[in-house]
Amino acid sequence: MTDSKYFTTTKKGEIFELKAELNSDKKEKKKEAVKKVIASMTVGKDVSALFPDVVNCMQTDNLELKKLVYLYLMNYAKSQPDMAIMAVNTFVKDCEDPNPLIRALAVRTMGCIRVDKITEYLCEPLRKCLKDEDPYVRKTAAVCVAKLHDINAQLVEDQGFLDTLKDLISDSNPMVVANAVAALSEIAESHPSSNLLDLNPQSINKLLTALNECTEWGQIFILDCLANYTPKDDREAQSICERVTPRLSHANSAVVLSAVKVLMKFMEMLSKDLDYYGTLLKKLAPPLVTLLSAEPELQYVALRNINLIVQKRPEILKHEMKVFFVKYNDPIYVKLEKLDIMIRLASQANIAQVLAELKEYATEVDVDFVRKAVRAIGRCAIKVEQSAERCVSTLLDLIQTKVNYVVQEAIVVIKDIFRKYPNKYESVIATLCENLDSLDEPEARAAMIWIVGEYAERIDNADELLESFLEGFHDESTQVQLQLLTAIVKLFLKKPTETQELVQQVLSLATQDSDNPDLRDRGYIYWRLLSTDPVAAKEVVLAEKPLISEETDLIEPTLLDELICYIGTLASVYHKPPSAFVEGGRGVVHKSLPPRTASSESTESPETAPAGAPSGEQPDVIPTQGDLLGDLLNLDLGPPVSGPPLATSSVQMGAVDLLGGGLDSLIGGPNFVAPPATTVPANLGASMGSGLSDLFDLTSGVGTLSGSYVAPKAVWLPAMKAKGLEISGTFTRQVGSISMDLQLTNKALQVMTDFAIQFNRNSFGLAPAAPLQVHAPLSPNQTVEISLPLNTVGSVMKMEPLNNLQVAVKNNIDVFYFSTLYPLHILFVEDGKMDRQMFLATWKDIPNENEAQFQIRDCPLNAEAVSSRLQSSNIFTVAKRNVEGQDMLYQSLKLTNGIWVLAELRIQPGNPSFTLSLKCRAPEVSQHVYQAYETILKN
């Protein structure tokens, strides 16, 4: 007989009867009663009154009965916390039961009872289970720590469970390792600042060993953890890749995608010249292709991930075009996604195949799919120039079919083809005009009107065609009205004598008879232009248009890099960072790909760098929506602060007036005040003064006047992204003052004036100390060099990465945004030398977990040269010792915000590799201080 009988309703005194049965002496009767209780609970009846009676049934050896009672306990412990304490004793006993299944069951249930009062009683049993001899119990206990941390984080830290959890990473059983990693990752996500998963080569090795023997879920936890690790160099990255590659042939698609994520991330560090790099590319294609033979839902997830991979590294799947051809029985969501990837992979080599396929799709029955196919033909024309001719003739064939929606899509894409290849395919305009009457969709009507206006001089009856649209002007959508207004003004400027009446008519319709502010404003601008200066109107309205780019829907590079780090998760399906859809943002950390290694930089010159690949020295960080634009409203774009900030600024950071008069300043509105120039920072005067009293004491804390190392200028904002303005720059620190050395180049055809600059809040409060002064207008093809003084009294907000600086530059054309990474050594101050006693006391005082070790390779300098080179960048040698033939330099430096960093540099004469140990109360700066050491010593 099945268990359904327990769900049939019984008489009035149900609870009373159950109570009697639960207290029965017969084991079978007890078990039946508990099953009935669970059944009632499942269908939503309140059986909490039976709590003490059910808890009494816990004292049993019957595993099935125990499971049922534990299930009841989990459900009602929250509403009956005082009663739940009765069960604690049994838990403690069960945690010492000889049967490991019962021990594990007890510890699992303990983790699920979310009652504060009980948690402290459970610490002792949990501690025993974490050290249990049976791996099944240990792996269950590991997950229990994460659950307990969620209820009471402080308790878990005080009881030392986190350290025990870290020890479990070295466990002999792979499943225990996987669960320990999963628990630590979960805890680390809710506390991003805690460095819980302190991954180093040794622990990575243990994880990779466990990887081969885990269950599939364990493998996913371990692979996700590996993806958060940044290898020290390309050799380590390659060795991890070699050990992860076998996971690509796993049957579970989640394991495959997690492995792909790790490989995509670590490939960033491999040089493209390595044979292994080519091998890895070849190995990545088959598993991705295999994912496409799964059921449609899995195919869709795979395709969304492949879409990201193809944008980052199209070479992986460039020979696999055929697997993305659409099957007749694919659901529409799979078809559309495949179509998208086909266009991304289209190249001169396979374009004929792709076009034949797309033409076939355009005759399908599914309207959405046909539209996308026609649009895809247009995108192919724009992407592969050699195929443009063939694409246009294909589109004309489709227009001849006279299928309404096909014709409309074709006209929309032909407009884009005209924009990409001006004066090449205008012969087809006559065919387009024949289909004018059949257009009923706003986008197609607007495209056709644009074509008529743009090529009015070639169309004899252009005025009649546009007039026919004017008849129902107020019934048209805004898009069509705006396009019609512009087209008629263009026509008037090309044929002024014949169309004066027409232009009068459209201007009065747009201004006097319309209540749409956009349309009205555009109408008035044209009206004033035409009435005051027709020559200027001609220059504005008939100006040469920029060519449209090949891929208009590429994901912006920094967002793409972040999404690559989230392959196999919901973020990769939505194509949005987690911060965009995870409520509250708890535990959402911005991830980014590791920087390219030195060896891979040298092999790739900037000219050959693929589109979208970050250049080596200064990553071209384009702000992402979540990254910069979300913060732009907070950008205080008023004059830079010249005095110290108000005491409350750090507290009220969240309550900034979002539009606080700021944007006016960049756009040059009425409130735009040129920021005052500031004098030399106050702290500099002090350090200079102290230096003059003992100028010849070379060991004093005053930096040498030679100044710190200055990196060569890098392009921060390319001209194509800033309407012709190219900005290159670098940062310098000379005698205590920081400056941003900029080179502005005008690659546009018009003069640029009215420059201003503003920084977003950043980790160290960097802000301009004076306005950006470009004394003369910047003519086309002219370059100007400017040194912008900076101070560190701006608003502070922790950035990711720490040294990220988001900049807004305004000129008479527009406002442009870019991000750059500043080297940390510009923030090392001149009074950063600690005395020996203080150094020793501070080193001991900083906890050992704050110590970070790094290797500096290929540096042939001796200890003297190292010491003097670092001193010129304000890294001071406090003491020097020789231990067993090794030179030990003890060094200190101080950042502008008062953070001290202590260093021990080990130099073995004749060995070009140094060991650097850093200790600091803010361990997150250590990685950037190490990068500063590398930069200074190797340049």
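Use the structure listed above.
This is a predicted model, so every value here is computed, not measured.

## Topic: the pattern of salt bridges
Phase 1 of the analysis: Counted under the stated rule, the structure contains 34 salt bridges.
Phase 2 of the analysis: Measuring nitrogen to oxygen at the nearest pair gives 2.9 Å for the salt bridge that ties Glu124 to Arg127. In this pair, Glu124 and Arg127 are both assigned in helix 8 (residues 116-130), three residues apart and thus about one turn of the helix distant.
Phase 3 of the analysis: A residue is classified by how much of its surface remains accessible, and Glu124, at 44% relative accessible area, is partly exposed.
Phase 4 of the analysis: Between Lys894 and Asp831 there is a salt bridge whose closest N-O contact spans 3.7 Å. Note that Lys894 is positioned in strand 11 (residues 886-894) and Asp831 in the loop between strand 8 (815-821) and helix 37 (836-845), a separation of 63 residues in sequence.
Phase 5 of the analysis: Note on Asp831: relative accessible area 43%, which makes it partly exposed.

## Focus on the packing of aromatic side chains
Phase 1 of the analysis: Taken as a whole and assessed by the stated rule, the structure comprises eleven aromatic pairs.
Phase 2 of the analysis: Here Tyr361 and Phe369 contribute two aromatic rings whose centre-to-centre distance is 5.1 Å and whose plane-to-plane angle is 40°, an arrangement assigned as tilted.
Phase 3 of the analysis: Judged by relative accessible area, Tyr361 falls into the buried class, the value being 2%.
Phase 4 of the analysis: An angle of 80° between the planes, with centres 5.3 Å apart, marks the rings of Phe418 and Tyr455 as edge-to-face. Linking Phe418 in helix 23 (residues 404-420) with Tyr455 in the loop between helix 25 (442-454) and helix 26 (462-470), this pair joins segments that are 37 residues apart in sequence.
Phase 5 of the analysis: For Phe418, a relative accessible area of 2% corresponds to the buried category.
Phase 6 of the analysis: Here Tyr455 falls in the buried class, since its relative accessible area comes to 5%.
Phase 7 of the analysis: One aromatic cluster in this structure is built from Trp716, Phe731, Phe818 and Tyr822.

## A few points about the side chain of Gln408
Phase 1 of the analysis: Among the secondary structure elements, Gln408 is positioned in helix 23.
Phase 2 of the analysis: Within the structure, the side chain of Gln408 is placed 2.4 Å from the side chain of Asn404, a separation counted as a polar contact.
Phase 3 of the analysis: Among the polar contacts made by the side chain of Gln408, one reaches the side chain of Asp440 at a distance of 2.6 Å.
Phase 4 of the analysis: Look past the residues within four positions of Gln408 in its chain and what remains in contact with it is Ser438, Leu439, Asp440, Glu441 and Ala444.

Conventions and cut-offs
- Residues numbered from 1 in each chain as written.
- Predicted model: local features only at pLDDT ≥ 70, side-chain atom pairs only at ≥ 80, totals over all residues.
- Heavy atoms only, no water.
- Salt bridge = Lys/Arg side-chain N within 4 Å of Asp/Glu carboxyl O.
- Helix = DSSP H or I, 4+ residues; strand = E, 2+ residues; numbered from the N terminus.
- Buried < 20%, exposed > 50% of the residue type's maximum accessible area, 1.4 Å probe, protein only.
- Phe/Tyr/Trp six-rings, centres within 6.5 Å; stacked < 30°, edge-to-face > 60°.
- Polar contact = N/O pair within 3.5 Å; in protein donor to acceptor, adjacent residues only side chain to side chain.
- Contact = heavy atoms within 4.5 Å.

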